[in-house]
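The lines below spell out each chain.
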Amino acid sequence: MNLANRINSIPAYFKILLGFIKNMNLANRINSIPAYFKILLGFIITLSIAFILGVQDLYVHGMLIGSLFALGAIGITLLYAIVNFAHVAHGDFMTLGAFLAFPLVASVVDVEYVSYADDFAFTGLFPALGLDQVGLGPFTFGFTILLAIPISMFILAIIAIGLEKFVYRKLRLRGSSDVMIAMASFGVAILLRGAISTIFGTQLRSYDRISKPFLKIGWGIDVPPDLLFLGIVAVTLCLLTHYILQYTKIGKSMRATSDNPDLAMVTGININKVIMNTWIIAAGLAACAGILIAVGSAQMVPQMGWKLLIPIFAAVVLGGVGNAYGAFIGALIIGVAMEVSTEYMNPAYKLGVAFTIMLLVLTIKPRGLFGGKD
Amino acid sequence: MDSILSIFNYLSTYIVIAGIYAIFSLGLNIHWGFTGIFNIGISAFFALGAYTAAILTSASPSPEMFEDFIWGGNLPESLGFFNLGIDLWYFVGMFGAIIVCGISAAIIGWITLRLRDDYFAIATLGLAETVRFIFLNEKWLANGSRGMYRIPKFLGEWFPPAYYNYFYGIFILLLIFILYKIVQKAINSPWGRVLKAIREDEIATSASGKNVFLFKLQSFILGACIMGIGGVVYTHGIRYLDPLTFDPLMATFIIWAMLMVGGSGNNKGAIIGAFIVWAIWTWTDFLPGFLSDPNLKFLMIGLLITLVILFKPEGIIGEKKVKLSSKDIDKELEPTE
């Protein structure tokens, strides 16, 4: 029984099969599968697992909530790509967006600091104009919230431009390090949150709403109709951002700047303009995210944005910093992970789940799932 | 006479709290001022230090006191003779807190300090929130939201309660002095110079053969341990802990404002900044109307940090420029055996 004999005794068809497998070069093949196919496959596999475990309801919830996170995550990742710093104030941008819409749509707006003298409250803008209908169709909110979204996006974009002009650009011109600029955004975050809680107080608030029954989709999935609608709005905005990035001049110059700022400058791209556009997009998305999250969770407090910072940054890191598509997928994954985890442990640890995922990604694959800047 | 006494009482309380903040500010100065690592999760180490000391030194829990946690170290009793009558348990608790803070800093730092500085910042933020949630939800560990309220007094039987803060204030000032000396010694050593080099230029530092990651990790651990000490001093000074104490505003943001105002990169500045900002914080309570609104103070803290970064990045006392004379350089160049 020597080796040659043994090898000869292996049937020919088996040898051919082995050779075939060897020639397939599996690792390369997996890498050459297009990303969207992998994402689709991942989605189908995880959804089937969710069905097997009986958590499909939470899975769908997570997807919808994740799509709201995506609006924030895309903003942060774009700022990373263009301005190259961690925008710590992004969570508070979202809070500010939600609170900017509040005096527009709420039927009673009580302003906190004036109430030291006497109770001071006024009717919100839209209800004052007679647009105070809530509970549109199956939803808890009225259509005024949809009118408030673009207004809030606009105001927040202006605030962002102001901050860029008077804070961040000055620091950049002075040659401050990226960490120093992140530090400045930390100061801005506290400033914004302080301003919000000074004006509106720290109590729990929500837009006017009427409770509505959940939508029964079947297969054990019940979704609040609100959330479904908000998810659609969020995905639409993400697609719009995709369009801007891929097909418009603004987006092309942004991508060029992200790839190589010096080369972009030499080819005549106005970097300052690109940075301004980035701020406008990021702030607009943040404002929308803030309002959608405030509607979806039916509550808003000044510190909500600061807490959202953890899942959103986890999404950014998971998708690869600077990669807008990665941020979108990352946000969906984080949303699902956070929601599904509530089945197995104390819901209070949702944030801990996002944090743990972020630490794992940073240890195993610091460039994220889809590759990003270092 | 009474009014003078009340002013003194007020001042002693002021010194106790400002002094505790000064310890955190010193710890943060090692992170940000000397090494340039961006820690926005100070409250994590504050909480870890404070709760470790509280759990180690609290009496065993009793159901009659509505306490849900399962284990209290009860160090004042269990150390017994080894307290030597001078409450050595205090320092044993402090030692425990330092160990816990050091280990958690080592784990977080090991994962994130190799990467970009801002990843690290977000990781510290996540750690702070996670630690707070754990102490809030794990009732068996630290009594949850009801908090720990039977924390023993350090040298409590030596001083009457009315004058206890005078003693504790002096004790804290002494502790700050010792920590200041230690940090100063560390920063002026070759080790400290490497930290400053990392802050100024990481690539150049690693090019000259220093392991940037290890130095950053050591700096992070040292700073976290000092923050842990701050937590211990807080625990036995206030003698009540609940997770609300570790809200980011009072346990992270305000400390940043103190360091930035005082002058990052200067230990004296860090301490003075703590006393100044705490004075502004408490003394604005006497202002009329909405000027004393705590939310407005919040806004001012943010404004203060932003303005200092924009217009006076070096703070009140900036970092001292180190001037080397030719003598020093000769000494450096001397061959060492």
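Residues numbered from 1 in each chain as written. Chains lettered and ligands numbered in written order. Predicted model: local features only at pLDDT ≥ 70, side-chain atom pairs only at ≥ 80, totals over all residues.

Some words on the overall build of chain B
Okay, step 1: Scanning chain B from N- to C-terminus turns up 14 helices and zero strands.
Okay, step 2: Listed N to C, the secondary structure of chain B is α-α-α-α-α-α-α-α-α-α-α-α-α-α in terms of helices and strands.
Okay, step 3: Taken over C-alpha atoms, the radius of gyration comes to 21 Å for chain B, in line with the 20 Å a tight globule of 337 residues would show.
Okay, step 4: Dimensions of chain B, computed from the C-alpha atoms along their principal axes, are close to 65 × 45 × 35 Å.
Okay, step 5: By residue count, 49% of the 337 residues in chain B fall in the buried class.
Okay, step 6: Relative to all contacts within chain B whose residues are 6 or more apart in sequence, the contacts with residues 24 or more apart total 78%. (Helix = DSSP H or I, 4+ residues; strand = E, 2+ residues; numbered from the N terminus. Rg over C-alpha atoms; globule rule 2.2 N^0.38 Å. Buried ≥ 20, exposed ≤ 12 C-beta atoms within 10 Å, placed from the backbone. Contact = placed C-beta atoms within 7 Å.)

What to know about the overall build of chain A
Okay, step 1: Looking only at helices and strands, one finds 16 helices and four strands in chain A.
Okay, step 2: Overall, chain A is about 100 × 55 × 35 Å in size when its C-alpha atoms are taken along their principal axes.
Okay, step 3: Relative to all contacts within chain A whose residues are 6 or more apart in sequence, the contacts with residues 24 or more apart total 75%.

Observations regarding the nonpolar core
Okay, step 1: In terms of nonpolar packing, the biggest core is built from 226 residues, with A:Ala70, A:Ile291, A:Ala314, A:Ile334 and B:Ala257 touching the most fellow members.
Okay, step 2: When residues in this core are grouped by element, the largest group, 18 residues, is from helix 5 (residues 56–83) of chain A. (Core = buried A, V, L, I, M, F, W, Y, C linked by C-beta atoms within 7 Å.)

As for the pairing of strand 3 (residues 215–218) of chain A
Okay, step 1: Pairing analysis gives three bridges linking strand 3 of chain A to strand 4 (residues 221–223) of chain A, with the strands arranged antiparallel. Among the inter-strand pairings, A:Leu215 is bridged to a residue of strand 4 of chain A, identified as A:Val223. (Pairing = 2+ DSSP bridges.)

Some remarks on the packing of helix 5 of chain A against helix 13 (residues 271–297) of chain A
Residue and element names in this part refer to chain A.
Okay, step 1: Two numbers describe how helix 5 lies on helix 13: the axes approach to 8 Å, and their chain directions differ by 160 degrees. If you check the angle between helix 5 and helix 13, you find them roughly antiparallel. The interaxial crossing formed by helix 5 with helix 13 has left-handed handedness. Facing Leu-68, Leu-71, Gly-72, Ile-74, Gly-75, Leu-78, Leu-79, Ile-82 and Val-83 of helix 5, the residues of helix 13 in contact are Val-274, Ile-275, Thr-278, Ile-281, Ala-282, Leu-285, Ala-286, Cys-288, Ala-289, Leu-292, Ile-293 and Gly-296.
Okay, step 2: Looking at side-chain class alone, the contact of helix 5 with helix 13 contains 17 nonpolar, four polar and no charged residues. (Axes fitted to C-alpha atoms, helices over the stretch in contact; angles between N-to-C directions. Parallel < 35°, antiparallel > 145°, perpendicular 65-115°, else oblique. Left-handed = near helix turned anticlockwise from the far one by under 90°. Nonpolar A, V, L, I, M, F, W, Y, C, P; charged D, E, K, R; others polar.)

Concerning the interface of chain A and chain B
The accessible area lost on association of the parts is a frequent measure of interface size.
Okay, step 1: On the chain B side, the residues contacting the 39 residues of chain A number 35 residues.
Okay, step 2: For the side of chain A that touches chain B, the secondary structure elements donating two or more residues are helix 8 (144–174), helix 9 (178–200), helix 14 (304–319) and helix 16 (350–364) of chain A.
Okay, step 3: A per-element tally of the side of chain A that touches chain B places helix 9 of chain A first, with 15 residues.
Okay, step 4: Tallied by class, the residues present in the side of chain A that touches chain B amount to 28 nonpolar, eight polar and three charged.

A short note on the confidence of the model for chain B
Okay, step 1: Scored by pLDDT, chain B has a mean of 85; 94% of the residues are at 70 or more.
Okay, step 2: As scored by the predictor, the complex reaches a pTM of 0.86 and an ipTM of 0.84. (pLDDT = per-residue confidence, 0-100.)

Focus on helix 15 (residues 324–344) of chain A
Okay, step 1: Helix length check: helix 15 of chain A (21 residues) gives 31 Å between terminal C-alpha atoms against 30 Å at 1.5 Å per residue, within 8%.
Okay, step 2: The buried fraction of helix 15 of chain A is high, at 17 of 21 residues. (Expected span 1.5 Å × (residues − 1).)

Thoughts on the environment of B:Phe133
Okay, step 1: In this structure, B:Phe133 sits in helix 5 (residues 117–137).
Okay, step 2: For B:Phe133, a count of 18 C-beta atoms within 10 Å corresponds to the partly exposed category.
Okay, step 3: As for B:Phe133 and B:Ile55, which are separated by 78 residues in sequence, their C-alpha atoms are 17 Å apart.
Okay, step 4: If we ignore the near neighbours within four places in the chain, the residues touching B:Phe133 are A:Ala348, A:Tyr349, A:Leu351 and A:Gly352.

Re helix 11 (residues 248–262) of chain B
All names here are of chain B.
Okay, step 1: Between its first and last C-alpha atoms helix 11 spans 20 Å; for 15 residues at 1.5 Å apiece the expected length is 21 Å, and the two agree.
Okay, step 2: Among the 15 residues of helix 11, 14 are classified as buried, and the element is accordingly described as predominantly covered.
Okay, step 3: Residue Gly-263 follows helix 11 closely and has a positive phi angle near 125 degrees.

Overview of the packing of helix 5 of chain A against helix 15 of chain A
Residue and element names in this part refer to chain A.
Okay, step 1: At a closest axis distance of 6 Å, the pairing of helix 5 and helix 15 adopts a crossing angle of 140 degrees. Between helix 5 and helix 15 lies a crossing whose hand is right-handed.
Okay, step 2: Residue composition of the contact of helix 5 with helix 15, by class: 18 nonpolar, eight polar and two charged.

Things to note about the environment of B:Glu129
Okay, step 1: Topologically, B:Glu129 is positioned in helix 5.
Okay, step 2: A tally of 22 C-beta atoms within 10 Å means that B:Glu129 is categorised as buried.
Okay, step 3: If we ignore the near neighbours within four places in the chain, the residues touching B:Glu129 are A:Lys307, A:Ile310 and A:Leu351.

Some words on unusual backbone geometry
Okay, step 1: In this structure, A:Asn84 takes a positive phi of about 60 degrees despite not being glycine.
Okay, step 2: Relative to the assigned elements, A:Asn84 resides in the loop between helix 5 and helix 6 (90–105).
Okay, step 3: A positive phi angle, close to 60 degrees, is found at B:Arg239, a residue other than glycine.
Okay, step 4: Relative to the assigned elements, B:Arg239 resides in the loop between helix 10 (212–238) and helix 11.

Topic: the environment of B:Phe167
Residue and element names in this part refer to chain B.
Okay, step 1: Summarising the element assignment, Phe-167 is placed in helix 7 (residues 164–187).
Okay, step 2: Taking the C-alpha atoms as reference points, Phe-167 and Gly-156, separated by eleven residues in sequence, lie 9.9 Å from one another.
Okay, step 3: Ignoring anything within four residues of it in the chain, the contact list for Phe-167 reads Leu-155 and Phe-159.

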